[in-house]
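# Fold and geometry: a report
Listed here are the chains, written in short residue letters.
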Amino acid sequence: MNPSQDDESAVREALRFAHRGSGAGDAHPSDADVPIGAAVFDADGRLLAGARNAREALGDPTAHAEVLALRAAAAEHGDGWRLTGCTLAVTVEPCTMCAGALVLARVDRVVFGAWEPRTGAAGSLWDVVRDRRLNHRPEVIGGVLETECSALLDEFFAAHRGDAG
Ligand SMILES: [Zn+2]
């Protein structure tokens, strides 16, 4: 199988969660939440879990798509808190919190869509994921389906520009 096609289909799945939501985000959907989606796959490419950012919906500062997806995936994966061998796909470059969480979860690979030069911690502003001082460093592939992932954010912020000022 072509690895780049795998990466695209993984990010496409994350995009589906960004659009639709699932899990915690589903229970209390909020239009105020930035549409960011994440999905976790096991070593065989099977979807374990996915989530949409639900920070506003849950009133939870840590309810980023990646954190929600990692939690749900660990419950599904069956190796305690460990996600060894798994791939995390997310529509936007992870922030420092999510980068830290995915390293601690022992995810093997991170595939993301849009680069986030203001807050990104997987190569843009910081590189928390591949810091040489860490003994677990996942592989990172950025810019997968970047146009589609960026467009989703651009549409959201264009629609909310009136609210935020
Ligand atoms: Zn985050």
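Anything mentioned here points back to the structure above.
The structure displayed is predicted, hence computed values, not measured ones.

This part takes up the overall build of the chain. Within the chain, the regular secondary structure consists of six helices and five strands. Dimensions of the chain, computed from C-alpha atoms along their principal axes, come out at roughly 45 × 30 × 30 Å. Looking at the chain as a whole, 45% of its 165 residues are labelled buried. Look at the contacts in the chain between residues 6 or more apart in sequence, and 59% of them connect residues 24 or more apart. For the chain, the accessible area works out to roughly 8,400 Å², and carbon and sulfur atoms hold 50% of it. With 16 positive and 25 negative side-chain charges, the chain shows a separation of 5 Å between the mean positions of the two kinds.

Turning next to the coordination of the zinc ion. For a metal with four tetrahedral donors the ideal donor-metal-donor angle is 109.5 degrees, while six octahedral donors give ideal angles of 90 or 180 degrees. Around the zinc ion, the donor atoms from the protein are His64 (ND1), Cys95 (SG) and Cys98 (SG), and they sit 2.0 to 2.4 Å away. Taken in sequence order, the residues that donate to the zinc ion follow the motif H-x30-C-x2-C. Remark: Cys95 occurs in the loop between strand 3 (87–92) and helix 5 (96–104) and His64 occurs in the loop between helix 3 (55–58) and helix 4 (65–77); sequence separation between them is 31 residues. On the accessibility criterion, His64 (18% relative accessible area) is buried.

Structurally, Leu125 is set in the loop between strand 4 (109–114) and strand 5 (139–141). Separated by 29 residues in sequence, Leu125 and Thr96 place their C-alpha atoms 9.6 Å apart. Here Leu125 is in contact with Pro117, Arg118, Thr119 and Gly120, once residues within four sequence places are set aside.

Calculation criteria
Numbers given to residues run from 1 along each chain, matching the order in which its sequence is written. Local features in a predicted model are, by the rule used here, given only for residues with pLDDT of at least 70; side-chain atom pairs are given and counted only at 80 or more, and totals for whole chains, interfaces and linings are based on all residues. In computing side-chain values, all of the structure's heavy atoms are included and hydrogens and water are not. Numbering of helices and strands runs from the N terminus; a helix is a DSSP stretch of H or I covering at least four residues, while a strand is a stretch of E covering at least two. Relative accessibility under 20% of the residue-type maximum defines a buried residue, over 50% an exposed one, and the middle range a partly exposed one, all with a 1.4 Å probe and only protein chains included. When checking whether two residues touch, look at their non-hydrogen atoms; a contact exists if any pair is within 4.5 Å. What sets the accessible areas is the Shrake-Rupley method with a 1.4 Å probe; for residues, cover comes only from the shown protein chains. Neither His nor the chain ends contribute to the count of charged residues, in which Lys and Arg are positive and Asp and Glu negative. By convention, the point assigned to a charge is CZ for Arg, NZ for Lys, CD for Glu and CG for Asp. For Na, K and Ca the donor cut-off is 3.2 Å; for every other metal, N, O and S atoms count as donors within 2.8 Å. Water does not enter the count, which can leave sites looking incomplete.

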